[in-house]
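# Fold and geometry: a report
The chain contents come next:
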Amino acid sequence: MGLNDPQWGKNKGDSGPPDLDEVLRNVNKKINNIFGSKEGKGGGGSRGKEPKQHSRGSIILILGLLLVVWVASGFYIVNEGHRGVVLRFGAYVNTTPAGLRWHLPYPIEQVELVNVSQVRTVEIGYRNNVRSKVLRESLMLTDDENIIDIQFAVQYILNDPEKFLFNNRDPDDSVLQAAETAIRQIIGKSKMDYVLYEGREQVASAATVLMQEILDRYQVGIAISRVTMQNAQPPEQVQAAFDDAVKAGQDRERQKNEGQAYANDVIPRARGEAERLIEQSQGYKARVVSSAIGDASRFEQILQEYSKAPGVTRERLYLDMMQQVLSSTSKIMVDQQSGNNLLYLPLDKLIGSGSASTGSPAKNTTQSSMVPETMTDNNSIRSRESFRGREREMR
């Protein structure tokens, strides 16, 4: 039975598909009811052609509606922070910014929306928690042939949607491989103590630069924003021995600091004492030299005066010497011509002056003032007379 046979599908028990003309007539009726068309207009001769005309109009109308829907399916919205990559038959055409856009509908063109503002994170050496270690990624060899257990996280964004879509399959795996390569290279050129203590920030900065160079070389459209060092420590199997070594190193540094502090205290004082002794010796030298020069000059002057008047000069030298000697000693003067045989000796004063043999001139003056006035007057008269007698002899 042909498909155009009017009896096709009308027999009872026939499970074939419904008549296509009947379906089109039903659709046409519904459309006419919507647009207000009326049946029965025109002559009786046009009733036979009415189904065919309605069928063509319905097909055109349906095709028009489908065309409108197909064209409208080309509109799309690019959210803020996203980029739309337009592909024509799978080939890249252009990249559209945020906003309402339109492209040729599928299957001619299609759009891939890429989030370029989202910060993505890749974990190296652990998963979700630093306690969940991945030893295959975290164990690394340092320059001084030590093994270090290190975990870090890499944050990145997309800076080129075209390269991101066409130059890599798994961006997280690409970043992980580049990060592991970069960090192993940096750790392999660094000492263990440097990585564990003072060099964490420097290692992270160097790893960021090296990872970006690797990703740019492969043109994957990824920009590294930050590398965070989560944990860095020796392997758990040697952690106790490493702690002992660290404590020993700290004790060594403490003892070195104590020794340096002691040296900083003793050495400046010794240097100051040495400088003081040097200055004192220089002063003593200058004083002795000046005194010797002065004595020589004074001796030359005395020699000149002695050559002019030997007796006067000799007498003057004798008096100066006696004045110096007697001014520093205790003196008791006795007048033998006074006729007084009773001699008064101030023994208490003599004992006191003898115990203080290195007394000051002020004390000697005080002791000499204790001599009786009569003895002092007689002594002065006698000394004047003896001085006049010597002057007469010299003349």
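Here the structure is a predicted model, which means the values were calculated and not measured. (Residues numbered from 1 in each chain as written. Predicted model: local features only at pLDDT ≥ 70, side-chain atom pairs only at ≥ 80, totals over all residues. Heavy atoms only, no water.)

### Focus on the overall build of the protein chain
- Check the secondary structure of the protein chain and you find twelve helices and eleven strands.
- A buried classification covers 22% of the 395 residues belonging to the protein chain.
- Counting contacts in the protein chain only where the partners sit at least 6 residues apart, residues at least 24 apart contribute 66% of the total.
- As displayed, the protein chain offers around 28,400 Å² of accessible surface, 54% of which is attributable to carbon and sulfur atoms. (Helix = DSSP H or I, 4+ residues; strand = E, 2+ residues; numbered from the N terminus. Buried < 20%, exposed > 50% of the residue type's maximum accessible area, 1.4 Å probe, protein only. Contact = heavy atoms within 4.5 Å. Areas by Shrake-Rupley, 256 points an atom, 1.4 Å probe, with all protein chains shown as cover.)

### Here we look at the pattern of salt bridges
- If you walk through the whole model with that rule in mind, you get twelve salt bridges.
- In this structure, Arg-184 engages Glu-180 in a salt bridge whose closest nitrogen and oxygen atoms are separated by 3.3 Å. On the criterion of helical spacing, the pair formed by Arg-184 and Glu-180 is a turn pair, its members being four residues apart in helix α5 (residues 171-188).
- Its relative accessible area of 11% is what places Glu-180 among the buried residues.
- One salt-bridge network, held together by shared partners, links Arg-127, Arg-136 and Glu-137. (Salt bridge = Lys/Arg side-chain N within 4 Å of Asp/Glu carboxyl O.)

### Here we look at the pairing of strand β2 (residues 82-88)
- Taken together, the seven bridges between β2 and strand β5 (residues 109-115) define a ladder with antiparallel strand orientation. Counted as the bridge partner of Gly-84 is Leu-113 from β5.
- Here β2 runs beside strand β3 (residues 91-96); their pairing, made up of five bridges, is antiparallel. By the bridge assignment, Leu-87 is partnered in β3 with Tyr-92.
- What sits between the antiparallel neighbours β2 and β3 is a turn of two residues, in which Phe-89 has the positive phi angle 55 degrees. (Pairing = 2+ DSSP bridges.)

### A look at a negative patch on the surface
- A surface patch of like charges, here negative, comprises Asp-144, Glu-145, Asp-193 and Glu-198.
- Position of Asp-144 relative to the elements: it lies in the loop between β9 (139-141) and β10 (147-158).
- Take Asp-144: its relative accessible area is 30%, and that puts it in the partly exposed class. (Patch = residues over 30% accessible without salt bridge, like charges linked within 9 Å, V, L, I, M, F, W, Y side chains within 5 Å. Lys, Arg positive; Asp, Glu negative; His and termini not counted. Charge placed at Lys NZ, Arg CZ, Asp CG, Glu CD.)

### Digging into the side chain of Ser-190
- Note on placement: Ser-190 falls in the loop between α5 and α6 (192-196).
- Within the local environment of Ser-190, its side chain forms a polar contact with the backbone oxygen of Ile-186, the two atoms lying 2.9 Å apart.
- For Ser-190, the residues in contact, after removing those within four places along its chain, are Thr-142, Asp-143, Asp-144 and Val-195. (Polar contact = N/O pair within 3.5 Å; in protein donor to acceptor, adjacent residues only side chain to side chain.)

### Description of the nonpolar core
- Core analysis: the largest hydrophobic core is formed by 39 residues, its most contacted members being Phe-152, Val-154, Ile-187, Met-211 and Ile-224.
- Mapped onto this core, the elements with two or more residues apiece are β2, β6 (120-124), β10, α5, α6, α7 (200-218) and β11 (222-233).
- Split by domain, this core shows at least three residues from each of two domains, domain 1 (73-115) and domain 2 (120-236).
- Ignoring anything within four residues of it in the chain, the contact list for Val-154 reads Arg-120, Thr-121, Val-122, Ile-124, Val-175, Ala-179, Met-211, Ile-224, Arg-226 and Val-227. (Core = buried A, V, L, I, M, F, W, Y, C linked by side-chain atoms within 4.5 Å. Domains from an automatic or database assignment.)

### Focus on the UniProt feature "transmembrane region" (unreviewed entry) in the protein chain
- Per the UniProt record, "transmembrane region" (unreviewed entry) is found at residues 59-78.
- Helix makes up 70% of residues 59-78 and strand 20%, and the two end C-alpha atoms of the span are 35 Å apart. (UniProt positions renumbered as here; feature names shortened; annotations may be inferred.)

### So, the sheet that holds β3
- One open sheet accounts for three strands, arranged β3-β2-β5; its pairing is antiparallel. Among the strands making up the open sheet, the edge pair consists of β3 and β5. The mean angle between the axes of side-by-side strands here comes to 25 degrees, regardless of whether they run parallel or antiparallel. (Axes fitted to C-alpha atoms, helices over the stretch in contact; angles between N-to-C directions.)

### Focus: the environment of Ile-77
- Mapping Ile-77 onto the fold places it in strand β1 (residues 75-78).
- Given a relative accessible area of 56%, Ile-77 falls into the exposed group.
- Spatially, the C-alpha atom of Ile-77 lies 4.5 Å from that of Leu-100, the residues being 23 residues apart in sequence.
- Setting aside residues up to four positions removed in sequence, Ile-77 forms contacts with Gly-99, Leu-100 and Leu-113.

### Points about the side chain of Ser-138
- When you line up the elements, Ser-138 lands in helix α3 (residues 135-138).
- In this structure Ser-138 comes out as buried when scored by relative accessible area, which is 0%.
- Of note is the side chain of Ser-138, whose polar atom sits 2.9 Å from the side chain of Asp-149.
- Residues within four places of Ser-138 in sequence aside, it is in contact with Gly-125, Ile-148, Asp-149, Ile-150 and Gln-151.

### Notes on a nonpolar patch on the surface
- On the surface, a cluster of nonpolar side chains totalling about 780 Å² of accessible area is made up of Leu-67, Trp-70, Val-71, Phe-75, Ile-77, Leu-100, Trp-102 and Leu-104.
- Going through the elements one at a time, α2 (50-72), β1 and β4 (99-102) are the ones with two or more residues in the nonpolar patch.
- Among the elements that line the nonpolar patch, the one with the most residues is α2, at three residues.
- Tracing the chain through its elements places Leu-67 in helix α2.
- With a relative accessible area of 49%, Leu-67 lands in the partly exposed category.

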